Amino acid sequence: MALTGVLRPGYIQIRVLDMSEAIVHYRDRLGLTEVSTGSDGRVYLKGWDEFDRHSVILREADEAGMDVMGFKVLDDATLNELTAKLEAYNVVVDHVEAGEQPGVGRRVGFTIPSGHRMELFAQMEKSDDGPQVVNPNVWQSEPRGMAVTRFDHALLYGPAIDEVTDLFCDVLGFRVAERADLGGAHAVWLTCSNKAHDIAFVPNPDPGSFHHAAFYLENVNDVVHAGDVMAYHDIPIDVGPTRHGITRGHTIYFFDPCGNRNEVFAGGYTYYPDNPTREWTTEQLGKGIFYYERELNDAFLSVYT
Amino acid sequence: MTVSALRTPQRHRCTVVGCEGDETRFEVGRGQRVLHEMIRRNVRAVPVGCRGGGCGVCRVRVLDGEYLTLRMSAKHISADDAARGIVLACRTIPVTDLVIELAPAGHDAPSTPSPPTRPTPPPDTST
Ligand code: FES
Ligand SMILES: [Fe+2]
């Protein structure tokens, strides 16, 4: 087993201004499965290709944005090891009891220098609507809407990104797949796996800011189909369909009903730990972000929640 | 539906006053949101962002007129802002003709969560 330590993004908790509008968007348009509603009103959802119970949590709040992103680690011993490493790195950690999210084991939380809360966990119940394991069909329930397969990655905005990068790499075992020079500060695309990125950060003075949550599709045809769903339902599209130079994924950026940016993302290269970091210079950054347009739109840097 | 509702115009005029005193006008259909109608009519007067009340890019001040608002992110519109007529154009529904100006968040914009906003109370339409 070569892939150990931190396995993947496990869940993201997104703040929404209106829960009923958000459920229609994430369940019926993106096509996530609605799993349950907690006693505190949080709504849990998952993609059709995910084994775990949930990967998206919606919380109604006074502002949009992201509460927390959780990473699944290999097992309980790994959770203990990483907790010790965080503490040795002088990161203040807190402990969330098993069951605070239904079906999820104990979690270890901490705030990174960019102002975002991250969590690690090792255990989550399996979904009864996940991929089948005996004579499996492609899916167990027929997908809806954009038919997104899974929660894939997030891009976050905040200060002190170089410190964040060091923490993710030195403590959590991530690697820098791609890096862009923004004239002194760096934007980074970090991976803990074979994916071209599992999380990305762009420098911004506003701590704890949320640029987008991305949902995976199998291929570019599915991205175009997602665009058809967006057009049909009048979902505001930010950019796309296009391709990222960075990661080489096909993409559409669009917005949920309260202004959080979502992405449908397909492809991207396969990353291996011996790959060198791909570097982008300031003047080519536009091509890195939007490969065909070769320039950033106004919204890329200024519109976030 | 009351008789007064039947008399309510089908659309309202929205006037955006620029910093040079220049004015841009467009119509907003009854019950529609200011920013969405501006986009639909291909007018560029207020910056367009997320279109959902989350990003604060379309922050404006209402100089004249009555309106309703949908929930707006408290990160961008404090209770104080709301009391001074500062709103997000993508969450604002005119009830009469409106005159607005841009009110982009300055560097003094609150980066810490502000108290939740209260929606503007519905105006009295009984006359
Ligand atoms: S466009 Fe984002 S708050 Fe109006
Ligand atoms: Fe992305």
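Computed from a prediction, not measured in an experiment: that's the story for all the values here.

Q: Can you lay out the overall build of chain A for me, pointing to particular residues and giving the numbers?
A: Looking only at helices and strands, chain A features 6 helices and 17 strands. Relative to a compact globule of 305 residues, whose C-alpha radius of gyration would be 19 Å, chain A shows 18 Å and is just as compact. Relative to its 305 residues, chain A shows a buried fraction of 56%. For chain A, the proportion of contacts with a sequence separation of at least 24, taken over those separated by at least 6, is 68%. Once the 25 positive and 46 negative side-chain charges of chain A are each reduced to a mean point, those two points are 4 Å apart.

Q: Can you lay out helix H4 (residues 220-232) of chain A for me, pointing to particular residues and giving the numbers?
A: Residue and element names in this part refer to chain A. Between its terminal C-alpha atoms H4 stretches 19 Å, which fits the 18 Å expected from 13 residues at 1.5 Å a residue. All of the buried residues in H4 are Val 223, Ala 226, Gly 227, Val 229 and Met 230. The arc that holds the buried residues of H4, viewed along the axis, is 160°, so those residues lie on one side. Seen from the buried face of H4, the exposed residues on the opposite side, beyond 90 degrees, are Asn 221, Ala 231 and Tyr 232. Of the surrounding elements, those touching the buried residues of H4 are helix H1 (19-29), strand E13 (209-217), strand E14 (237-243), strand E15 (249-255) and strand E16 (261-267). You can read the cap of H4 off the contacts: a side-chain oxygen lies 3.0 Å from the backbone nitrogen of Asn 221, and it is on Asn 219.

Q: Residues and numbers for empty space enclosed by the protein, please.
A: Residue and element names in this part refer to chain A. Using the criterion set out here, one finds 2 cavities of 30 Å³ or more in the structure. Space inside the largest cavity adds up to approximately 100 Å³. Lining the largest cavity we find 14 residues, and of these Trp 189, His 197, His 212, His 244 and Tyr 253 sit closest to its centre. Elements with a contribution of two residues or more to the lining of the largest cavity: strand E9 (150-158) and helix H5 (285-289). Residue composition of the lining of the largest cavity, by class: 7 nonpolar, 6 polar and 1 charged. Taken as a whole, the second largest cavity encloses approximately 30 Å³ of empty space. Lining of the second largest cavity is provided by Leu 182, Ala 187, Trp 189, Val 202, Leu 285, Ile 289, Phe 300 and Leu 301. Every element with two or more residues in the lining of the second largest cavity is listed here: strand E11 (185-191), H5 and helix H6 (298-302). A breakdown of the residues in the lining of the second largest cavity according to their chemical character gives 8 nonpolar, no polar and no charged.

Q: Report on the pattern of salt bridges, specifying residues and quantitative values.
A: Residues and elements named next belong to chain A. In this structure the tally under the stated criterion is 29 salt bridges over all chains. With a shortest N-O distance of 3.3 Å, Asp 52 and Lys 126 are connected by a salt bridge. Linking Asp 52 in the loop between strand E3 (43-46) and strand E4 (56-60) with Lys 126 in the loop between strand E8 (117-121) and E9, this pair joins segments that are 74 residues apart in sequence. Residue classification places Lys 126 among the exposed residues on the basis of a relative accessible area of 54%. The residue Lys 195 makes a salt bridge to Asp 198 at a minimum N-O spacing of 2.7 Å. Via salt bridges that share partners, Asp 40, Arg 42, Asp 94, Glu 100, Arg 107, Arg 117 and Glu 119 belong to a single interconnected network.

Q: Give a detailed account of the coordination of the iron ion (ligand 2), specifying residues and quantitative values.
A: Residues and elements named next belong to chain A. Protein coordination at the iron ion (ligand 2) comes from His 153 (NE2), His 212 (NE2) and Glu 263 (OE), with a distance range of 2.0 to 2.1 Å. One chain supplies every donor for the iron ion (ligand 2), spaced along it as H-x58-H-x50-E. Taken together, the residues span a long stretch of sequence, with His 153 in strand E9 and His 212 in strand E13 at a distance of 59 residues. On the basis of relative accessible area, His 153 is assigned to the buried category, the value being 1%.

Q: Explain a negative patch on the surface to me, and be specific about the residues and the numbers.
A: On the surface, Asp 162, Glu 163, Asp 166 and Asp 170 of chain A cluster together into a patch of negative charge. Mapped onto the fold, Asp 170 of chain A is located in helix H3 (residues 161-170).

Q: Residue-level account of the confidence of the model for chain B, with values.
A: Mean pLDDT over chain B works out to 85, with 76% of the residues at or above the 70 mark. Note on the complex model: pTM 0.92, ipTM 0.93.

Q: Describe a nonpolar patch on the surface, with residues and values.
A: On the surface, Phe 51, Val 133 and Val 134 of chain A cluster together to form a nonpolar patch covering roughly 330 Å² of accessible area. Mapped onto the elements of the fold, Phe 51 of chain A is located in the loop between E3 and E4.

Q: Quick one: what's the story with the interface of chain A and chain B, residue by residue and with numbers?
A: In many analyses, interface size is given as the accessible surface area lost on bringing the parts together. At the junction of the two partners, chain A supplies 18 residues and chain B supplies 17 residues. Both faces considered, chain A and chain B share a buried interface measuring about 1400 Å² in area, 49% of it formed by carbon and sulfur atoms. Of all residues in chain A, the largest losses of buried area upon contact with chain B belong to Leu 17, Asp 62 and Glu 63 of chain A, amounting jointly to 39% of the total for that side. At the boundary of chain A and chain B, one finds 3 salt bridges.

The rules behind the values
Residues numbered from 1 in each chain as written. Chains lettered and ligands numbered in written order. Predicted model: local features only at pLDDT ≥ 70, side-chain atom pairs only at ≥ 80, totals over all residues. Heavy atoms only, no water. Helix = DSSP H or I, 4+ residues; strand = E, 2+ residues; numbered from the N terminus. Rg over C-alpha atoms; globule rule 2.2 N^0.38 Å. Buried < 20%, exposed > 50% of the residue type's maximum accessible area, 1.4 Å probe, protein only. Contact = heavy atoms within 4.5 Å. Lys, Arg positive; Asp, Glu negative; His and termini not counted. Charge placed at Lys NZ, Arg CZ, Asp CG, Glu CD. Expected span 1.5 Å × (residues − 1). Arc of directions from axis to C-beta. Polar contact = N/O pair within 3.5 Å; in protein donor to acceptor, adjacent residues only side chain to side chain. 1 Å grid on protein atoms, 1.4 Å probe; cavity = no way out; pocket = protein on both sides within 12 Å on 5 of 7 lines; lining within 4 Å. Points joined across faces, edges and corners; volume = space filled by probe spheres on them. Nonpolar A, V, L, I, M, F, W, Y, C, P; charged D, E, K, R; others polar. Salt bridge = Lys/Arg side-chain N within 4 Å of Asp/Glu carboxyl O. Donors = N, O, S within 2.8 Å, 3.2 Å for Na, K, Ca; no water. Patch = residues over 30% accessible without salt bridge, like charges linked within 9 Å, V, L, I, M, F, W, Y side chains within 5 Å. Areas by Shrake-Rupley, 256 points an atom, 1.4 Å probe, with all protein chains shown as cover. pLDDT = per-residue confidence, 0-100. Buried area = accessible area lost by both parts, 1.4 Å probe.

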